[in-house]
Amino acid sequence: RPGERLVEDRLSEELGVSRIPIREALRTLAGEGLVAMQPRRGASVADVSPEVARDLVEVRATLEGLNARLAARHHDGAIVASLQRVLEAGNRAAKSKNVDDLVRLNGEFHDGLAEAGRNTILWDIMRVLRERTSLVFAANTARRAHQDWGEHSKILAAVIDGDEELAAMLATRHVHRAADAAFAMHKPPAR
């Protein structure tokens, strides 16, 4: 959770590695904005302000749209078949509300779209951006599972049809809808 302390000794013991790779991993994650490093307090899970969260979502939505557009343009049959298998597994996970499977499969779906888009620069940027936005979407994973996988299905159908405009619009809308639901969960109750 945001603000949770990441103690090197504990992580080292839990993961069965020395403190050196833990320290390096925390520095890398800090560089990606996922971990906050504070002098004499150590590392903690980064807390994303509402303003930064909205900025992240705006960029991610735009780039996910581009990913989907490129996937529809290049339409690689093997990758599409792989995405269809991920979609089926995602729909099963949505029924069971297994959060670990939902998170993993969501990543696989979006990575598959990026791979289908064949733009390695975009793929690298999206990997880091998805990790940062995961802090925004984490609490929403099980609650929005059916909607997310329904939207994934429509995006994939547009990719299969080669409809670049529709694929881009659906992917952009998907990110905005997921973000709106996440932001709504964090609003203080109305008086």
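Residues numbered from 1 in each chain as written. Predicted model: local features only at pLDDT ≥ 70, side-chain atom pairs only at ≥ 80, totals over all residues. Heavy atoms only, no water.

(A) Structural view of the pairing of strand E2 (residues 35-38). The pairing of E2 with strand E3 (residues 42-45) spans four bridges and is classified as antiparallel. Pairing of Val-35 across the sheet is with Val-45, part of E3. Taken together, E2 and the strand that follows it, E3, pair antiparallel across an intervening segment of three residues, in which Arg-40 is found at a positive phi of about 65°. (Pairing = 2+ DSSP bridges. Helix = DSSP H or I, 4+ residues; strand = E, 2+ residues; numbered from the N terminus.)

(B) Region of interest: the pairing of E3. Bridge count for strand E1 (residues 5-6) against E3 is two bridges, and the pairing is antiparallel. Within the sheet, the bridge partner assigned to Arg-5 lies in E3 and is Ser-44.

(C) Broad picture of unusual backbone geometry. Although it is not a glycine, Arg-40 sits at a positive phi angle of roughly 65°. Along the chain, Arg-40 falls in the loop between E2 and E3. Given the relative accessible area of 85%, Arg-40 is considered exposed. You will see that His-75, though not glycine, has its phi angle at about 35°, which is positive. Within the secondary structure, His-75 sits in the loop between helix H3 (50-74) and helix H4 (77-96). A relative accessible area of 35% places His-75 in the partly exposed class. (Buried < 20%, exposed > 50% of the residue type's maximum accessible area, 1.4 Å probe, protein only.)

(D) Geometry of the packing of aromatic side chains. All told, the structure shown has one aromatic pair when counted by the stated rule. Taking the centre distance of 6.1 Å and the plane angle of 75° together, the rings of Phe-109 and Trp-149 count as edge-to-face. Taken together, the residues Phe-109 in helix H5 (residues 99-117) and Trp-149 in helix H7 (residues 145-161) connect sequence positions 40 residues apart. For Phe-109, a relative accessible area of 0% gives the class buried. Overall, Trp-149 belongs to the buried group, its relative accessible area being 2%. Over the ring of Phe-183 we find Arg-54, and its NZ or CZ is 4.2 Å from the ring centre. (Phe/Tyr/Trp six-rings, centres within 6.5 Å; stacked < 30°, edge-to-face > 60°. Lys NZ or Arg CZ within 6 Å of the ring centre and 35° of its normal.)

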